[in-house]
Amino acid sequence: IGEGWCDKPFVARSVVNISGMSYGAISKPAVRALSRGAAEAGCWLDTGEGGLSPYHLEGGCDIIMQIGTAKYGVRDADGKLSPQRLQELAAHENVRAFEIKLSQGAKPGKGGVLPGGKVTAEIAAIRGVPEGQDCLSPAAHSAFATPIELLAFVDRLRTLSGGKPTGFKLCVGHPWELLGIVKAMLQTGITPDFIVIDG
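Quantities reported herein were computed from a predicted structural model and do not represent experimental measurements.

(A) Helix α1 (residues 28–41), seen in detail. Here α1 contains 14 residues, and its C-alpha end-to-end distance of 20 Å stays within 8% of the 20 Å for a straight helix at 1.5 Å per residue. Taken together, the buried positions of α1 are occupied by V31, S35 and A38. Buried residues of α1, seen end-on, are gathered within an arc of 70° and therefore sit on one face of the element. Structural note: α1 exposes P29, E40 and A41 on the side pointing more than 90 degrees away from its buried face. Buried positions along α1 lie against β1 (44–46) and α2 (54–58). The first or second residue beyond α1 is G42, which carries a positive phi of 75°.

(B) Summary view of the pattern of salt bridges. Counted under the stated rule, the structure contains 9 salt bridges. Residue D62 pairs with R13 through a salt bridge whose shortest N-O separation is 3.6 Å. Of the two residues, D62 is situated in strand β2 (residues 62–67) and R13 in the segment before α1; the sequence distance between them amounts to 49 residues. With relative accessibility at 8%, the residue D62 sits in the buried group. For K169, the salt bridge identified is with D198, shortest N-O distance 3.8 Å. Of this pair, K169 sits in strand β6 (residues 166–170) while D198 sits in the segment after β7 (195–197); the two residues are 29 residues apart in sequence, bridging distant segments of the chain. We classify K169 as buried; its relative accessible area is 9%.

(C) Structural view of the side chain of R158. Note that R158 resides in helix α5 (residues 147–160). Here T191 takes part through its backbone oxygen, which lies 2.6 Å from a polar atom of the side chain of R158.

(D) Broad picture of helix α3 (residues 83–90). By the burial criterion, the buried members of α3 are L86, L89 and A90. Projected onto a plane normal to the axis of α3, the buried residues spread over an arc of 100° and lie on a single side. On its buried face, α3 is in contact with β2, β3 (95–101) and α5.

(E) Expanded view of the packing of aromatic side chains. Inspection of the entire model under this criterion finds 2 aromatic pairs. Seen from their ring centres, Y23 and Y55 are 5.4 Å apart, and the 70° between their planes marks the pair as edge-to-face. Within this pair, whereas Y23 is found in the segment before α1, its partner Y55 is found in helix α2, the two being separated by 32 residues in sequence. Y55 sits in the buried class, given a relative accessible area of 9%. Summarising the aromatic geometry, the rings of F144 and F153 are spaced 5.3 Å apart at their centres and angled 45° between planes, so their arrangement reads as tilted.

Definitions and limits used
- Residues numbered from 1 in each chain as written.
- Predicted model: local features only at pLDDT ≥ 70, side-chain atom pairs only at ≥ 80, totals over all residues.
- Heavy atoms only, no water.
- Helix = DSSP H or I, 4+ residues; strand = E, 2+ residues; numbered from the N terminus.
- Expected span 1.5 Å × (residues − 1).
- Buried < 20%, exposed > 50% of the residue type's maximum accessible area, 1.4 Å probe, protein only.
- Arc of directions from axis to C-beta.
- Contact = heavy atoms within 4.5 Å.
- Salt bridge = Lys/Arg side-chain N within 4 Å of Asp/Glu carboxyl O.
- Polar contact = N/O pair within 3.5 Å; in protein donor to acceptor, adjacent residues only side chain to side chain.
- Phe/Tyr/Trp six-rings, centres within 6.5 Å; stacked < 30°, edge-to-face > 60°.

What follows is the structure, given as structure tokens:
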């Protein structure tokens, strides 16, 4: 993934992998089990939009770090992208790639929700949010609004991560949405390293 486009391409060893489920939405033992299982199976584990926890790293598997609209794990105090925080996470060898979540089939047109009662001190620290407050992900990203701006954001993350593969995930509601992104790729010459289509 990313060969010819980024400095640190990632060799995915399996066609069957573990898609995004956030720590907080699922428990510490669940994330630990998925991390260890992914390492044994030789597949990658997507963090989900809740940020990178120590439990994702514990098993030694390949990690895809997902960045959702709230930028949990890579945000500053104002909820914007923190280049420093992204670089810190990219420094983990097991973090192999970054995935921008535009949308998903389970929540079309909506962001994620984690009730404040589940936002412990640990989860708050991982996500970069206040403890005990509801985590409400916006429906859309604030960093971009057009396909060209999306590709510029992909390029920026790829650079900040030190050249790790960067792509995005979306649920295609209308064919023109994907065609608009392809047209922007042709116009700008910027290509994501991967695109995930959610059913």
